Amino acid sequence: MSTEIKPATTTGRNNDRFNTSRKAELLNKIEGIPDDINKAIFFDQEGIISVSEDKTIRVWLKRDSGTYWPSIVNFMPSQCSALEYVPESRTIFVGQENGTISQFVVSEDCNRLTAIKEYLAHNARITSLIFAKNSGWILSASRDKTFAAHCIETSNKIGGYTFEAWCTSMQFDSLSKHVFIGDYAGQITMLKLQQSGASLVTILKGHTASVRSLYWSDGPQLLFSGSADNSVIVWDLGGRRGTTYELQGHQNKVSALGYCKSTQELISAGEDSVIVLWKINCMRKAAADWVESDTCQLCAKPFFWNIKAMFEQKALGVNRQHHCRNCGKAVCDKCSPNRINIPIMGFEYDVRVCNTCYETLKDTDRPSLATFLDAKHSIVSIDVDEEKKHVLTVGQDRVIKIWDLSNLW
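What counts, and at which threshold
Sequence positions are assigned chain by chain, starting from 1 and proceeding in written order. The model is predicted, so local features are restricted to residues of pLDDT at least 70 and side-chain atom pairs to those at 80 or more, both for listing and for counting; the totals for chains, interfaces and linings are taken over all residues. As a rule here, side-chain values cover all heavy atoms of the structure and leave hydrogens and water aside. In DSSP terms, a helix is any run of H or I states spanning at least four residues, a strand is any run of E spanning at least two, and both are numbered starting from the N terminus. The size measure is the radius of gyration over C-alpha atoms, and the globule rule it meets is 2.2 Å times the number of residues to the 0.38 power. Note on contacts: a residue pair is in contact if any heavy atoms of the two residues lie within 4.5 Å. Only the protein chains shown count as cover for residues, with accessible areas throughout obtained via the Shrake-Rupley method and a probe of 1.4 Å. Note on charges: Lys and Arg go in the positive column, Asp and Glu in the negative column, and His and the chain ends are not counted at all. We put the charge of a Lys on NZ, of an Arg on CZ, of an Asp on CG and of a Glu on CD. Only protein chains enter the accessibility calculation, which uses a 1.4 Å probe; a residue is then buried when its area is under 20% of its type maximum, exposed when over 50%, and partly exposed in between. Geometry of aromatic contacts follows a simple scheme: Phe, Tyr and Trp rings, the Trp one being its six-membered ring, pair when their centres are within 6.5 Å, and the pair is stacked under 30 degrees between planes, edge-to-face over 60, tilted otherwise. Side-chain atoms alone can form a polar contact between residues adjacent in sequence; in general such a contact is a pair of N or O atoms within 3.5 Å, and within protein one must be able to donate a hydrogen while the other accepts it. Two strands qualify as a pair provided DSSP detects at least 2 bridges between them. Axis lines are fitted through C-alpha atoms, for helices just across the contact stretch, and the angle between N-to-C directions can take any value from 0 to 180 degrees. Salt bridges are defined as contacts in which a side-chain nitrogen from Lys or Arg sits within 4 Å of a carboxyl oxygen from Asp or Glu.

A. Spotlight on the overall build of the protein. A count of helices and strands for the protein gives two helices and 33 strands. Relative to the compact-globule value of 22 Å for 409 residues, the protein shows a C-alpha radius of gyration of 23 Å, a close match. Across the protein, contacts joining residues at least 24 apart in sequence account for 45% of those joining residues at least 6 apart. Carbon and sulfur atoms provide 47% of the accessible area of the protein, an area that totals close to 18,400 Å². Computed over 46 positive and 46 negative side-chain charges, the separation of the two mean positions in the protein equals 5 Å.

B. Inspection of unusual backbone geometry at higher detail. The backbone of S273 sits at a positive phi, close to 65°, despite the residue not being glycine. Checked against the element boundaries, S273 lands in the loop between β24 (265-270) and β25 (274-279). The exposure class of S273 is buried, given its relative accessible area of 19%. Of note in the backbone geometry, K376 takes a positive phi value of approximately 65° without being a glycine. With respect to the helices, strands and loops of the structure, K376 is situated in the loop between β30 (370-374) and β31 (379-385). The exposed category is assigned to K376, whose relative accessible area is 54%.

C. Representation of the environment of N326. Along the chain, N326 falls in the loop between β26 (322-323) and β27 (330-331). For N326, a relative accessible area of 18% translates into the label buried. Separated by 14 residues in the primary sequence, N326 and I340 have C-alpha atoms spaced 9.8 Å apart. Leaving out residues up to four positions away in the same chain, N326 has contacts with A288, I342, M345, V353, C357 and L361.

D. Representation of the packing of aromatic side chains. A complete count under the given rule lists eight aromatic pairs for this structure. Judged by centre distance (5.6 Å) and plane angle (20°), the rings of F93 and F131 are stacked. Taken together, the residues F93 in strand β8 (residues 91-96) and F131 in strand β11 (residues 126-132) connect sequence positions 38 residues apart. The two residues F93 and F131 agree in class, both being buried. Arranged with centres 5.0 Å apart and planes meeting at 25°, the rings of F180 and W216 form a pair that is stacked. Of this pair, F180 sits in strand β16 (residues 178-183) while W216 sits in strand β19 (residues 211-217), and the two are 36 residues apart along the sequence.

E. Representation of the side chain of D54 in the model. With respect to the secondary-structure elements, D54 resides in the loop between β4 (47-52) and β5 (56-62). Relative accessible area serves as the criterion here: at 14%, D54 is assigned to the buried category. One polar contact links D54 to R58, side chain to side chain, over a distance of 2.9 Å.

F. Here's a closer look at the sheet that holds β5. Taking strand neighbours across the sheet as the criterion, the four strands line up as β3-β4-β5-β6 in an open arrangement whose pairing is antiparallel. Each edge of the open sheet carries a strand with a single partner, namely β3 (37-43) and β6 (68-75). The sheet shows a mean angle of 20° between the axes of neighbouring strands, direction not considered. As paired elements, β3 and β4 share six bridges and run antiparallel to each other. Bridge assignment links K39 to a residue of β4, and that residue is V51.

G. Structural detail: the environment of I340. Mapped onto the secondary structure, I340 falls in strand β28 (residues 338-342). By relative accessible area, I340 is classed as buried at 6%. Sequence-wise, I340 and I130 are 210 residues apart; in three dimensions their C-alpha atoms are separated by 40 Å. Those residues within four positions of I340 in sequence are excluded, and the remaining contacts are Y349, D350, V351, V353, Y358, L361, K362 and R366.

H. Examining the pattern of salt bridges more closely. Under the counting rule described, the total for this entry stands at twelve salt bridges. Between R212 and E271 there is a salt bridge; the shortest N-O distance is 3.3 Å. With R212 in strand β19 and E271 in the loop between β24 and β25, this pair connects stretches of sequence that are 59 residues apart. Taken together, the shared-partner salt bridges connect D35, D36 and R398 into one network.

I. Fine view of the sheet that holds β16. Judged by pairing direction, the sheet is antiparallel, and its four strands sit side by side in the order β15-β16-β17-β18 without closing on themselves. The open sheet has two edge strands with one neighbour each: β15 (167-173) and β18 (197-205). Pairs of neighbouring strands in the sheet enclose a mean axial angle of 25°, with direction left out of account. Note that strand β17 (residues 187-194) and β18 share eight bridges and pair antiparallel. Across the sheet, the residue bridging to Q194 is G197, located in β18.

J. Quick peek at the pairing of β15. Counting buried residues along β15, seven of its seven residues qualify, which places the element largely inside the surrounding structure. Alignment of β15 against β16, held across six bridges, turns out to be antiparallel. Looking at the pairing, Q171 lines up with F180 of β16. Between β15 and the antiparallel strand that follows it, β16, lie four residues; K177 among them carries a positive phi value of about 60°.

Okay, here's the thing in C-alpha coordinates:
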(Lines give C-alpha, C1' and ligand atoms only; values in the text may rest on other atoms or scores of the structure.)
Protein backbone atom coordinates (compact mmCIF):
# COMPACT_ATOMS: atom_id res chain seq x y z
CA MET A 1 0.00 0.00 0.00
CA SER A 2 1.26 3.48 -0.76
CA THR A 3 0.15 6.96 0.01
CA GLU A 4 0.54 10.23 -1.82
CA ILE A 5 3.17 12.77 -0.90
CA LYS A 6 2.61 16.50 -1.13
CA PRO A 7 6.14 17.67 -1.91
CA ALA A 8 7.87 20.92 -2.59
CA THR A 9 6.70 23.22 -5.31
CA THR A 10 9.52 24.17 -7.64
CA THR A 11 8.21 27.36 -9.21
CA GLY A 12 7.27 29.16 -6.02
CA ARG A 13 4.10 30.47 -7.68
CA ASN A 14 1.88 27.54 -6.87
CA ASN A 15 0.99 26.54 -3.34
CA ASP A 16 -0.59 23.23 -4.37
CA ARG A 17 1.44 20.79 -2.30
CA PHE A 18 -0.18 17.63 -3.67
CA ASN A 19 2.02 15.68 -6.05
CA THR A 20 2.40 11.96 -6.70
CA SER A 21 6.05 12.05 -7.80
CA ARG A 22 7.28 10.73 -4.43
CA LYS A 23 5.63 8.12 -2.27
CA ALA A 24 5.89 6.54 1.15
CA GLU A 25 4.72 3.01 1.73
CA LEU A 26 2.33 2.06 4.51
CA LEU A 27 3.87 -1.20 5.69
CA ASN A 28 1.46 -2.24 8.40
CA LYS A 29 -1.42 -1.30 10.63
CA ILE A 30 -2.12 -2.47 14.17
CA GLU A 31 -5.78 -2.33 15.15
CA GLY A 32 -8.04 -3.78 17.81
CA ILE A 33 -7.00 -1.79 20.90
CA PRO A 34 -10.32 -0.89 22.59
CA ASP A 35 -9.27 2.50 23.99
CA ASP A 36 -7.09 5.48 23.13
CA ILE A 37 -3.39 4.73 22.57
CA ASN A 38 -1.15 7.29 24.26
CA LYS A 39 2.27 6.13 23.08
CA ALA A 40 3.89 3.45 20.92
CA ILE A 41 7.57 2.88 20.14
CA PHE A 42 9.70 0.50 18.10
CA PHE A 43 11.04 -2.45 20.08
CA ASP A 44 13.98 -4.71 19.12
CA GLN A 45 14.02 -5.80 15.48
CA GLU A 46 10.38 -6.50 14.69
CA GLY A 47 8.45 -5.38 17.74
CA ILE A 48 6.40 -2.50 19.10
CA ILE A 49 5.47 -1.50 22.65
CA SER A 50 2.27 0.45 23.27
CA VAL A 51 0.47 1.91 26.29
CA SER A 52 -3.13 3.00 26.34
CA GLU A 53 -6.14 4.25 28.26
CA ASP A 54 -7.41 0.69 28.75
CA LYS A 55 -4.70 0.32 31.46
CA THR A 56 -2.55 -1.99 29.35
CA ILE A 57 1.05 -2.35 28.28
CA ARG A 58 1.22 -4.36 25.07
CA VAL A 59 4.28 -5.85 23.41
CA TRP A 60 3.59 -6.59 19.75
CA LEU A 61 5.71 -8.97 17.67
CA LYS A 62 5.64 -9.35 13.91
CA ARG A 63 4.62 -12.87 12.87
CA ASP A 64 5.61 -14.82 9.77
CA SER A 65 2.33 -13.72 8.18
CA GLY A 66 3.50 -10.10 8.38
CA THR A 67 0.87 -9.11 10.93
CA TYR A 68 1.52 -7.97 14.51
CA TRP A 69 0.13 -9.90 17.47
CA PRO A 70 0.52 -9.09 21.17
CA SER A 71 2.95 -11.43 22.95
CA ILE A 72 2.38 -9.56 26.24
CA VAL A 73 -0.73 -7.81 27.55
CA ASN A 74 -0.05 -6.47 31.03
CA PHE A 75 -2.81 -4.70 32.97
CA MET A 76 -1.93 -1.78 35.24
CA PRO A 77 -3.80 -0.17 38.18
CA SER A 78 -4.65 2.95 36.13
CA GLN A 79 -4.49 4.32 32.59
CA CYS A 80 -1.03 4.19 31.02
CA SER A 81 -0.13 7.67 29.80
CA ALA A 82 3.65 7.73 29.15
CA LEU A 83 6.33 5.27 28.02
CA GLU A 84 10.14 5.01 27.92
CA TYR A 85 12.21 2.02 26.75
CA VAL A 86 15.90 1.35 27.46
CA PRO A 87 17.11 -1.23 24.89
CA GLU A 88 20.47 -1.90 26.59
CA SER A 89 18.78 -3.34 29.68
CA ARG A 90 15.39 -4.20 28.10
CA THR A 91 13.81 -1.94 30.69
CA ILE A 92 10.39 -0.31 30.31
CA PHE A 93 9.23 2.68 32.34
CA VAL A 94 5.48 3.35 32.27
CA GLY A 95 3.84 6.51 33.60
CA GLN A 96 0.27 6.23 34.82
CA GLU A 97 -2.80 8.36 35.39
CA ASN A 98 -2.36 8.01 39.16
CA GLY A 99 1.12 9.58 39.05
CA THR A 100 3.09 6.35 39.54
CA ILE A 101 6.06 5.28 37.42
CA SER A 102 6.35 1.50 37.04
CA GLN A 103 9.63 -0.15 35.98
CA PHE A 104 9.70 -3.52 34.18
CA VAL A 105 12.15 -5.75 32.34
CA VAL A 106 11.09 -7.55 29.14
CA SER A 107 12.18 -11.19 28.96
CA GLU A 108 14.44 -12.31 26.12
CA ASP A 109 11.61 -14.34 24.55
CA CYS A 110 9.32 -11.30 24.78
CA ASN A 111 6.64 -13.30 26.63
CA ARG A 112 6.94 -11.84 30.12
CA LEU A 113 7.26 -8.53 31.95
CA THR A 114 9.06 -8.65 35.29
CA ALA A 115 8.15 -5.86 37.70
CA ILE A 116 11.23 -4.18 39.21
CA LYS A 117 10.00 -1.23 41.28
CA GLU A 118 7.62 1.69 41.43
CA TYR A 119 8.23 5.39 41.93
CA LEU A 120 5.50 7.46 43.58
CA ALA A 121 6.47 10.48 41.56
CA HIS A 122 3.33 12.61 41.13
CA ASN A 123 -0.24 13.18 42.24
CA ALA A 124 -1.78 13.24 38.76
CA ARG A 125 -1.36 11.95 35.20
CA ILE A 126 2.23 11.61 34.01
CA THR A 127 2.62 13.22 30.59
CA SER A 128 6.28 12.50 29.77
CA LEU A 129 9.10 10.17 30.79
CA ILE A 130 12.81 10.20 29.95
CA PHE A 131 15.57 7.89 31.17
CA ALA A 132 18.91 9.67 31.51
CA LYS A 133 21.14 6.63 31.17
CA ASN A 134 24.45 8.45 31.74
CA SER A 135 23.18 9.63 35.12
CA GLY A 136 20.86 6.78 36.07
CA TRP A 137 17.89 9.13 36.48
CA ILE A 138 14.28 8.69 35.48
CA LEU A 139 12.74 12.08 34.68
CA SER A 140 9.00 12.73 34.69
CA ALA A 141 6.55 15.56 34.09
CA SER A 142 2.92 15.59 35.12
CA ARG A 143 -0.44 17.29 35.04
CA ASP A 144 0.05 18.07 38.73
CA LYS A 145 2.27 20.91 37.44
CA THR A 146 5.50 19.32 38.67
CA PHE A 147 8.73 17.88 37.30
CA ALA A 148 10.54 15.14 39.21
CA ALA A 149 13.84 13.28 38.90
CA HIS A 150 14.50 9.96 40.66
CA CYS A 151 17.64 7.86 40.95
CA ILE A 152 16.80 4.34 39.74
CA GLU A 153 19.52 2.80 41.91
CA THR A 154 18.27 4.21 45.21
CA SER A 155 14.69 5.14 44.18
CA ASN A 156 15.27 8.48 45.91
CA LYS A 157 14.02 11.74 44.48
CA ILE A 158 16.98 13.94 43.58
CA GLY A 159 15.12 17.02 42.42
CA GLY A 160 11.87 18.62 41.37
CA TYR A 161 10.25 21.81 40.18
CA THR A 162 6.74 23.28 40.30
CA PHE A 163 5.05 25.17 37.47
CA GLU A 164 1.98 27.36 37.11
CA ALA A 165 0.40 25.16 34.42
CA TRP A 166 0.15 21.48 33.46
CA CYS A 167 3.39 19.96 32.21
CA THR A 168 2.68 18.61 28.73
CA SER A 169 6.04 17.56 27.23
CA MET A 170 9.71 17.16 28.09
CA GLN A 171 13.20 16.73 26.60
CA PHE A 172 16.67 16.30 28.14
CA ASP A 173 20.21 17.16 27.04
CA SER A 174 22.38 14.46 28.61
CA LEU A 175 25.63 16.38 28.01
CA SER A 176 24.71 19.66 29.75
CA LYS A 177 22.00 18.09 31.95
CA HIS A 178 19.44 20.67 30.91
CA VAL A 179 15.77 19.72 31.04
CA PHE A 180 13.20 21.39 28.77
CA ILE A 181 9.58 21.22 29.91
CA GLY A 182 6.64 22.47 27.87
CA ASP A 183 3.41 23.44 29.58
CA TYR A 184 -0.26 24.04 28.89
CA ALA A 185 0.23 27.82 28.92
CA GLY A 186 2.57 27.68 25.92
CA GLN A 187 5.85 28.23 27.76
CA ILE A 188 9.01 26.10 27.79
CA THR A 189 11.00 26.07 31.02
CA MET A 190 14.71 25.24 30.91
CA LEU A 191 16.11 23.68 34.11
CA LYS A 192 19.62 22.68 35.14
CA LEU A 193 19.58 19.27 36.79
CA GLN A 194 22.26 18.21 39.28
CA GLN A 195 22.56 15.70 42.11
CA SER A 196 21.60 18.52 44.47
CA GLY A 197 18.36 19.27 42.61
CA ALA A 198 16.87 21.29 39.75
CA SER A 199 17.34 25.03 39.22
CA LEU A 200 15.70 27.45 36.79
CA VAL A 201 17.81 28.62 33.84
CA THR A 202 15.31 30.48 31.63
CA ILE A 203 11.79 30.42 30.21
CA LEU A 204 11.26 30.32 26.44
CA LYS A 205 8.15 32.16 25.25
CA GLY A 206 6.90 32.01 21.68
CA HIS A 207 3.77 29.88 21.44
CA THR A 208 0.24 31.18 21.97
CA ALA A 209 -1.21 27.81 23.04
CA SER A 210 -0.10 24.66 24.84
CA VAL A 211 3.21 23.03 23.90
CA ARG A 212 2.15 19.56 22.74
CA SER A 213 5.56 18.11 21.90
CA LEU A 214 9.29 18.79 22.26
CA TYR A 215 12.36 17.32 20.57
CA TRP A 216 16.00 18.01 21.43
CA SER A 217 18.68 17.42 18.77
CA ASP A 218 22.01 17.39 20.58
CA GLY A 219 24.15 17.60 17.42
CA PRO A 220 23.09 21.02 16.15
CA GLN A 221 21.90 22.02 19.65
CA LEU A 222 18.37 22.71 18.45
CA LEU A 223 15.17 22.47 20.44
CA PHE A 224 11.96 21.95 18.45
CA SER A 225 8.54 22.64 19.93
CA GLY A 226 5.14 21.77 18.47
CA SER A 227 2.05 23.52 19.74
CA ALA A 228 -1.73 23.67 19.72
CA ASP A 229 -1.30 27.01 17.91
CA ASN A 230 -0.53 24.90 14.77
CA SER A 231 3.12 25.98 14.64
CA VAL A 232 6.58 24.52 15.19
CA ILE A 233 9.29 26.75 16.65
CA VAL A 234 13.00 26.01 16.19
CA TRP A 235 15.05 27.29 19.14
CA ASP A 236 18.75 27.54 18.29
CA LEU A 237 20.36 27.16 21.71
CA GLY A 238 23.84 26.16 20.51
CA GLY A 239 26.57 28.57 21.55
CA ARG A 240 23.94 30.54 23.52
CA ARG A 241 22.77 32.21 20.31
CA GLY A 242 19.14 31.97 21.33
CA THR A 243 17.76 32.69 17.85
CA THR A 244 14.41 31.26 16.77
CA TYR A 245 12.30 30.79 13.67
CA GLU A 246 8.87 29.34 13.02
CA LEU A 247 7.70 26.56 10.74
CA GLN A 248 4.12 26.98 9.54
CA GLY A 249 2.88 23.97 7.61
CA HIS A 250 0.12 22.44 9.73
CA GLN A 251 -3.54 23.40 9.66
CA ASN A 252 -4.26 22.01 13.14
CA LYS A 253 -2.55 21.23 16.45
CA VAL A 254 1.00 19.86 16.25
CA SER A 255 1.20 16.95 18.68
CA ALA A 256 4.31 14.93 17.78
CA LEU A 257 7.91 15.57 16.72
CA GLY A 258 10.84 13.42 15.60
CA TYR A 259 14.18 13.89 13.85
CA CYS A 260 16.27 12.14 11.19
CA LYS A 261 19.96 12.86 11.83
CA SER A 262 21.24 11.46 8.53
CA THR A 263 19.12 13.84 6.44
CA GLN A 264 18.85 16.60 9.06
CA GLU A 265 15.08 16.68 8.74
CA LEU A 266 12.56 17.45 11.43
CA ILE A 267 9.42 15.31 11.40
CA SER A 268 6.21 16.88 12.69
CA ALA A 269 2.69 15.50 12.88
CA GLY A 270 -0.62 16.42 14.40
CA GLU A 271 -4.37 16.63 14.29
CA ASP A 272 -4.51 17.64 10.62
CA SER A 273 -3.52 14.05 9.70
CA VAL A 274 -0.35 15.24 7.99
CA ILE A 275 3.31 14.32 8.55
CA VAL A 276 5.73 17.05 7.48
CA LEU A 277 9.44 16.52 6.80
CA TRP A 278 11.23 19.86 7.27
CA LYS A 279 14.69 20.56 5.86
CA ILE A 280 16.71 21.94 8.76
CA ASN A 281 20.18 22.11 7.18
CA CYS A 282 19.22 24.97 4.86
CA MET A 283 19.37 28.72 5.19
CA ARG A 284 16.19 30.06 6.71
CA LYS A 285 15.06 33.55 7.51
CA ALA A 286 13.42 34.48 10.79
CA ALA A 287 9.94 35.90 10.44
CA ALA A 288 9.73 39.68 10.80
CA ASP A 289 8.69 41.20 14.11
CA TRP A 290 5.22 42.71 13.97
CA VAL A 291 5.11 46.50 14.13
CA GLU A 292 2.32 48.17 16.10
CA SER A 293 0.88 51.38 14.69
CA ASP A 294 -2.21 53.57 15.02
CA THR A 295 -2.43 53.90 11.23
CA CYS A 296 -1.82 51.68 8.22
CA GLN A 297 1.83 51.96 7.29
CA LEU A 298 1.01 51.92 3.58
CA CYS A 299 -2.07 54.14 3.12
CA ALA A 300 -1.98 55.97 6.49
CA LYS A 301 -5.66 55.31 7.22
CA PRO A 302 -6.31 55.12 10.98
CA PHE A 303 -7.24 51.88 12.67
CA PHE A 304 -10.58 51.72 14.47
CA TRP A 305 -9.18 52.56 17.91
CA ASN A 306 -7.58 55.77 16.64
CA ILE A 307 -10.80 57.78 17.01
CA LYS A 308 -9.21 61.24 16.80
CA ALA A 309 -7.54 60.52 13.46
CA MET A 310 -10.75 58.90 12.13
CA PHE A 311 -12.67 62.13 12.75
CA GLU A 312 -9.89 64.31 11.36
CA GLN A 313 -9.69 62.25 8.15
CA LYS A 314 -13.45 61.63 8.06
CA ALA A 315 -12.61 57.95 7.74
CA LEU A 316 -15.45 56.47 9.78
CA GLY A 317 -15.91 52.72 9.91
CA VAL A 318 -14.10 49.66 11.19
CA ASN A 319 -10.54 49.49 9.89
CA ARG A 320 -8.79 46.52 11.48
CA GLN A 321 -5.04 46.17 11.92
CA HIS A 322 -3.30 43.25 10.16
CA HIS A 323 0.37 42.41 9.72
CA CYS A 324 2.40 41.50 6.67
CA ARG A 325 4.16 38.18 7.35
CA ASN A 326 7.12 39.21 5.19
CA CYS A 327 8.01 42.71 6.46
CA GLY A 328 5.96 42.87 9.67
CA LYS A 329 4.31 46.20 8.86
CA ALA A 330 0.91 47.05 10.32
CA VAL A 331 -1.49 47.28 7.39
CA CYS A 332 -5.21 47.48 6.73
CA ASP A 333 -7.21 44.88 4.83
CA LYS A 334 -7.25 46.87 1.58
CA CYS A 335 -3.45 47.10 1.64
CA SER A 336 -3.02 43.35 2.25
CA PRO A 337 -5.61 41.43 0.17
CA ASN A 338 -3.05 38.98 -1.24
CA ARG A 339 -1.79 35.69 0.16
CA ILE A 340 1.46 33.95 -0.79
CA ASN A 341 3.75 31.24 0.59
CA ILE A 342 7.21 32.18 1.96
CA PRO A 343 9.05 28.87 2.59
CA ILE A 344 12.33 30.51 3.60
CA MET A 345 10.45 31.97 6.59
CA GLY A 346 8.73 28.66 7.31
CA PHE A 347 5.39 29.61 5.73
CA GLU A 348 4.66 26.61 3.53
CA TYR A 349 1.07 27.70 2.92
CA ASP A 350 -0.24 31.08 1.77
CA VAL A 351 -0.14 33.87 4.37
CA ARG A 352 -1.10 37.53 4.40
CA VAL A 353 1.37 39.97 2.85
CA CYS A 354 1.14 43.67 2.08
CA ASN A 355 0.80 44.89 -1.49
CA THR A 356 4.44 46.02 -1.64
CA CYS A 357 5.83 42.65 -0.52
CA TYR A 358 3.42 40.76 -2.78
CA GLU A 359 4.73 42.57 -5.84
CA THR A 360 8.28 41.70 -4.78
CA LEU A 361 7.60 38.05 -3.96
CA LYS A 362 5.14 36.92 -6.63
CA ASP A 363 7.72 36.57 -9.41
CA THR A 364 10.53 35.13 -7.27
CA ASP A 365 11.45 31.48 -7.02
CA ARG A 366 10.19 30.17 -3.67
CA PRO A 367 10.91 26.42 -3.54
CA SER A 368 9.32 24.54 -0.68
CA LEU A 369 11.62 23.39 2.12
CA ALA A 370 9.31 20.65 3.34
CA THR A 371 7.68 17.41 2.19
CA PHE A 372 4.12 16.55 3.16
CA LEU A 373 2.75 13.05 3.79
CA ASP A 374 -0.95 12.32 4.15
CA ALA A 375 -1.11 9.99 7.17
CA LYS A 376 -4.89 9.56 6.92
CA HIS A 377 -5.36 9.69 10.68
CA SER A 378 -5.08 12.37 13.36
CA ILE A 379 -1.74 11.72 15.07
CA VAL A 380 -0.97 11.82 18.80
CA SER A 381 2.61 10.48 18.78
CA ILE A 382 5.37 9.25 16.46
CA ASP A 383 8.55 7.22 16.72
CA VAL A 384 11.43 7.03 14.23
CA ASP A 385 13.63 4.05 13.32
CA GLU A 386 16.28 5.86 11.32
CA GLU A 387 18.27 2.71 10.51
CA LYS A 388 15.29 1.07 8.80
CA LYS A 389 13.90 4.40 7.61
CA HIS A 390 10.58 3.63 9.26
CA VAL A 391 8.22 5.96 11.10
CA LEU A 392 5.52 4.79 13.50
CA THR A 393 2.40 6.89 14.03
CA VAL A 394 -0.30 6.56 16.69
CA GLY A 395 -3.67 7.96 15.72
CA GLN A 396 -6.73 9.18 17.54
CA ASP A 397 -8.51 6.39 15.64
CA ARG A 398 -6.73 3.86 17.97
CA VAL A 399 -4.62 2.60 15.08
CA ILE A 400 -0.83 2.25 14.95
CA LYS A 401 0.70 2.64 11.48
CA ILE A 402 4.23 1.79 10.31
CA TRP A 403 5.52 3.77 7.33
CA ASP A 404 8.51 3.09 5.07
CA LEU A 405 10.16 6.40 4.11
CA SER A 406 13.14 4.91 2.26
CA ASN A 407 12.01 6.64 -0.96
CA LEU A 408 12.26 9.97 0.86
CA TRP A 409 15.48 9.39 2.81
